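# An overview of the molecular structure
The primary structure of each chain is shown beneath.
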Amino acid sequence: MGAPDVLDLWDLRVRRNPDAPALVTPGQALTYRSVDRLTDAWAASLAGRGAGPGRLVGLAFADPGRTVLGMLAALKAGAGFTVLDDRLPAAARDSLVRRTEAAVWLGDGAHAPTAAYVLADAPTGTEDTTPAEDATARPPARTAAHDVAYVLFTSGSTGQPKGTLIERDSLRRFAAAVAERLELAAGDRWLQVASLGFDVLIEEVFPALVAGAAVVCRADTRALDAEELHTMMARTGTTVVELSTQYWLEYARWLDARDLTTPAGLRLVVVGGERMDPRPYREWQARQPARLAHVYGLTECTVSSTFYVGLLPADAGEVPLGTPLRDVEISVRRDGRPVPQGESGEIHIGGSLLARGFLGDEAATARRFVPDPVAAVPGARVYATGDLGRIDADGNLVFLGRLDDQVKIRGHRLEPARVERALCENPAVDQAVVFPDPSTGTVLWAFTVPADPEHAPLPGEAVRLTGADRDALVAPLEADLPDWAVPRVVFRVSVLPKNPHGKIDKRRLSGWATTGGTAAAGSGAGRTAPERPAAADTAVFGGRAPGGEPLSTVLGLFREVLSAPELGPDDDFFEHGGQSLLAMRLLARLRESLPAAAGLRASALLRCPTPRLLSAALATTATTPTTGPQVAAGHHQAAGTHGGHR
């Protein structure tokens with residue numbers, strides 16, 4: 001008998017809980033029996049088209065539910081799977097399609113390759129209506145523990161994203177270990193909210209399925225704002241959800257502003273992606289019934305490696321990353337050797353959940369997955385994370401920062417030099433520096449020095465670029481970089497100041513941008529625009545919008561959320577640093593301040609991205625029986641959850 005496979009855990013649940021819900025979508029609830037029969041049929045079709053051990057099945061669906069079915073079907077065909085993120089620019093998608101060399105593509109999304117096809121959909125309704133005699137047999141099992149289970153791509157912090165190859169045995173061990181650590185049971189429902197190209201998708205799906213729980217899916221991949229998230233969890237009976245650190249903070253603020261608690265059924269919120277401030281963690285634990293689990297891990301190590309599920313001590317200065325899962329080995333090392341407990345060093349991860357390596361990149365694999373000189377098992381490897389940490393007195397891993405200059409943007413790890421090089425490819429730019437905005441840390445700021453000194457502002461000033469000047473710098477980046485890696489706020493300065501150590505003084509640059517030195521420049525000609533007094537907004541910008549809603553209120557909230565006191569009534573939210581998390585914050589503030597904004601949704605900002613337009617839309621709403629400006633999600637919307645892991 002061969003080694004156990006992840007499908008053995010699935011088959012066990014099908015036998016024990018055939019009529020329990022496995023996949024819940026807005027249109028139907030499929031039982032374990034229904035999903036099993038449907039994915040058997042899909043697997044047979046995939047195998048007939050060349051899917052099998054050592055090959056990949058590409059998935060590019062427009063909805064999460066069929067993505068989950070496709071992942072399971074690919075594994076049943078003996079193949080691995082890869083998921084194409086619909087938010088990637090076309091050039092990046094084409095590159096990933098070429099590199100994966102999938103045997104076959106399934107999908108119907110606008111981002112799907114032309115060769116993709118769609119299989120018969122799941123039965124409608126909530127009952128199992130598939131006759132047993134019509135079920136298509138699963139292809140014969142020919143898999144081994146070291147066959148590929150999936151390939152997902154890292155954030156690409158240095159150069160192009162790396163395809164991380166995870167084996168079937170690692171997926172099996174990971175799913176079982178997470179289900180065990182989080183005490184998942186057949187009655188649980190895990191809401192899927194992560195971007196489909198992001199490794200957290202694996203954590204949302206497989207631990208739930210091997211535990212006999214249900215995966216709850218949205219109708220599409222559109223990001224949910226805090227109110228929509230809350231409503232969906234309550235309506236679907238969600239018991240477990242995983243959110244990025246910033247997304248969770250927005251949800252916590254939304255709950256606090258309305259004096260609400262989490263839905264009655266929600267028992268656990270898994271949070272990870274960025275450093276966690278102890279203050280909001282403690283505040284949540286003091287008033288919210290749903291428990292928190294703080295997680296840490298990397299795509300290269302099969303998603304999460306450590307979990308912290310305890311109450312945070314009153315004197316804790318950091319929220320611990322927790323203790324390792326079964327089959328995970330965590331050590332803190334200097335110069336390749338473990339340091340005594342309590343001392344700091346680089347976090348290393350070893351054990352059975354390490355990836356095989358990077359797809360088609362043996363050099364990078366050898367560089368990052370290295371032989372472990374202190375392991376008791378011959379041939380053992382260890383992954384050097386580049387993260388600084390220590391082990392505390394209770395055995396918990398504590399994160400202390402990055403060893404290099406990488407930063408985290410909405411959960412994605414980014415090498416700023418990659419973006420800086422792209423900016424400097426523009427002949428009008430001589431130098432550039434990029435770093436997260438100091439207020440929220442959720443968007444990138446870029447400071448550029450012009451190649452022509454005639455276009456430079458006065459020393460000590462930072463001219464904020466808008467309109468055509470900003471577009472000329474940002475548009476080329478949008479074609480090649482994911483949304484979170486594109487600077488949303490761009491400044492022009494005469495020089496990049498240095499600190500006493502000879503490094504760029506980012507604190508001084510931030511000061512230039514957030515004090516009197518900030519200027520708005522639609523054409524690039526202006527030097528410094530004086531800050532407009534809030535009290536003068538009504539007179540200067542047209543008074544009250546039609547219908548009586550004060551433009552000054554809407555404008556003031558735009559300025560507050562974007563930290564842009566110079567923002568004008570016709571300035572675009574997204575051109576001035578706005579993205580999905582800040583949109584959630586703006587919507588929350590609008591709803592608190594204006595009765596007409598009670599039914600406002602994030603999609604309204606896509607149609608009305610300026611204070612004047614949104615103010616007019618709210619005024620119209622106030623005189624009609626609608627629930628708020630609505631429009632389909634589009635270009636500016638980014639995923640509200642994790643980005644490239646943690």
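Residues numbered from 1 in each chain as written. Predicted model: local features only at pLDDT ≥ 70, side-chain atom pairs only at ≥ 80, totals over all residues. Heavy atoms only, no water.

## Let's talk about the overall build of the chain
Helix and strand counts for the chain stand at 18 helices and 28 strands. By residue count, 59% of the 646 residues in the chain fall in the buried class. Of the roughly 24900 Å² of accessible surface on the chain, 53% is carried by carbon and sulfur atoms. (Helix = DSSP H or I, 4+ residues; strand = E, 2+ residues; numbered from the N terminus. Buried < 20%, exposed > 50% of the residue type's maximum accessible area, 1.4 Å probe, protein only. Areas by Shrake-Rupley, 256 points an atom, 1.4 Å probe, with all protein chains shown as cover.)

## Here's the deal with the packing of aromatic side chains
Scanning the model with the defined rule gives 15 aromatic pairs in all. Aromatic rings pair up to connect Trp248, Tyr251, Trp254 and Trp284 into one cluster. The lysine or arginine in question, Arg49, covers the ring of Tyr117, its NZ or CZ lying 3.5 Å from the ring centre. Looking at Lys162, its charged tip hangs above the ring of Phe358, at a distance of 5.9 Å from the centre. (Phe/Tyr/Trp six-rings, centres within 6.5 Å; stacked < 30°, edge-to-face > 60°. Lys NZ or Arg CZ within 6 Å of the ring centre and 35° of its normal.)

## As for the pairing of strand β3 (residues 56–59)
Regular strands show a simple pattern: their side chains alternate between the two faces of the sheet. Alternating positions in β3 separate into two faces, Leu56 and Gly58 on one and Val57 and Leu59 on the other, with burial throughout. The sheet contact formed by β3 and strand β4 (residues 80–83) spans 4 bridges and is parallel. Considered in β4, the bridge of Leu59 is made with Val83. Bridge count between β3 and strand β5 (residues 104–106): 3 bridges; the pairing is parallel. Note on β5: the bridge partner recorded for Gly58 is Trp105. (Pairing = 2+ DSSP bridges.)

## Let's talk about the pairing of strand β13 (residues 304–308)
With 5 of 5 residues buried, β13 is to be regarded as a mostly interior element. The pairing of strand β12 (residues 291–297) with β13 spans 4 bridges and is classified as antiparallel. Considered in β13, the bridge of His294 is made with Tyr308. The turn linking β12 back onto β13 is made up of 6 residues, and Thr302 within it adopts a positive phi angle of 60°. Of the strand pairs in this sheet, β13 and strand β14 (residues 323–324) are connected by 2 bridges, and their pairing is antiparallel. Note that in β14 the partner of Thr306 across the bridge is Pro324.

## Focus on helix α4 (residues 90–100)
By the burial criterion, the buried members of α4 are Ala92, Arg93, Ser95, Leu96 and Thr100. Burial along α4 is one-sided: seen end-on, the buried residues are contained in an arc of 160°. For α4, the secondary structure elements touched by its buried residues are β3, β4, β5 and β6 (148–153). One or two steps after α4, the chain reaches Glu101, where phi turns positive at roughly 50°. (Arc of directions from axis to C-beta. Contact = heavy atoms within 4.5 Å.)

## Section: the environment of Glu228
On the secondary structure map, Glu228 appears in helix α7 (residues 226–236). Judged by relative accessible area, which is 14%, Glu228 ranks as buried. Expressed as a C-alpha distance, the spacing of Glu228 and Ala602, which sit 374 residues apart in the sequence, is 9.7 Å. Ignoring any residue separated from it by four or fewer positions in sequence, one finds Glu228 in contact with Arg222, Ala223 and Arg601.

## So, the pattern of salt bridges
Counted according to the given criterion, the structure contains 33 salt bridges. Across the pair Asp5 and Arg168 runs a salt bridge, and its minimum N-O distance is 2.8 Å. With Asp5 in the segment before α1 (6–16) and Arg168 in helix α5 (residues 168–181), this residue pair connects regions lying 163 residues apart in the sequence. For Asp5, a relative accessible area of 9% translates into the label buried. Judged by its relative accessible area of 1%, Arg168 falls in the buried class. Notably, a salt bridge pairs Glu283 with Arg279, separated by 3.4 Å at the nearest N-O pair. Remark: Arg279 and Glu283 occur in helix α9 (residues 278–287); sequence separation between them is 4 residues, near one turn of the helix. A residue is classified by how much of its surface remains accessible, and Glu283, at 39% relative accessible area, is partly exposed. (Salt bridge = Lys/Arg side-chain N within 4 Å of Asp/Glu carboxyl O.)

## Some points on the packing of helix α8 (residues 245–257) against α9
Packing of α8 against α9 leaves a shortest axis separation of 11 Å and a crossing angle of 45°. Classed by the angle they form, the pair α8 and α9 counts as oblique. Of the two elements, α8 crosses α9, and the hand of that crossing is left-handed. Contact with α8, carried on its side by Trp248, Leu249, Tyr251, Ala252, Leu255 and Asp256, involves Pro280, Tyr281, Trp284 and Arg287 of α9 and no other residues of that element. When its residues are assigned to classes, the contact of α8 with α9 shows 8 nonpolar, no polar and 2 charged. (Axes fitted to C-alpha atoms, helices over the stretch in contact; angles between N-to-C directions. Parallel < 35°, antiparallel > 145°, perpendicular 65-115°, else oblique. Left-handed = near helix turned anticlockwise from the far one by under 90°. Nonpolar A, V, L, I, M, F, W, Y, C, P; charged D, E, K, R; others polar.)

## Observations concerning the side chain of Asp199
If you trace the backbone, Asp199 turns up in the loop between β8 (189–191) and α6 (200–210). Residue Asp199 is classed as buried on the basis of its relative accessible area of 2%. Among the polar contacts made by the side chain of Asp199, one reaches the side chain of Thr299 at a distance of 3.1 Å. (Polar contact = N/O pair within 3.5 Å; in protein donor to acceptor, adjacent residues only side chain to side chain.)

## What about the nonpolar core?
Met71, Phe81 and Ile202 are the most contacted members of the largest nonpolar core, which totals 85 residues. Look past the residues within four positions of Phe81 in its chain and what remains in contact with it is Leu56, Val57, Leu59, Met71, Ala74, Leu75, Ala149, Tyr150, Val151, Ile202 and Phe206. Core analysis: the next-biggest nonpolar cluster, separate from the first, contains 35 residues, Ala214, Ala226, Ala252 and Ala290 among them. (Core = buried A, V, L, I, M, F, W, Y, C linked by side-chain atoms within 4.5 Å.)

## Regarding the environment of Ala44
Examined against the element boundaries, Ala44 turns out to sit in helix α2 (residues 32–48). Classification of Ala44 as partly exposed rests on a relative accessible area of 27%. When the C-alpha atoms of Ala44 and Ala77 are compared, they prove to be 6.7 Å apart, with 33 residues separating the residues in sequence. Setting aside residues no more than four positions away along its own chain, Ala44 makes contact with Thr136, Ala137 and Pro139.

## Focus: the confidence of the model for the chain
For the chain, the average pLDDT comes to 85, and 86% of its residues sit at 70 or higher. This model gives residues 122–133 a pLDDT under 50, and the stretch forms 19 contacts once residues within four places in sequence are excluded. (pLDDT = per-residue confidence, 0-100.)

## Thoughts on the sheet that holds β13
Strand order in the open sheet made by the 9 strands is β2-β1-β9-β8-β10-β11-β12-β13-β14, with mixed pairing throughout. Looking along the sheet, the strands with just one partner apiece sit at the ends: β2 (29–31) and β14. Of the pairings in the sheet, the one linking strand β1 (residues 21–24) to β2 comprises 3 bridges and is antiparallel in character. Across the sheet, residue Val24 finds its bridge partner in β2, namely Ala29. On the sheet, α6 packs against β1, β8, β9 (214–216), β10 (240–244), β11 (268–272) and β13 and is oriented at approximately 145° with respect to β9. Strands in contact with α9 are β11, β12 and β13; relative to β12, the strand with the most contacts, it is inclined by about 145°.

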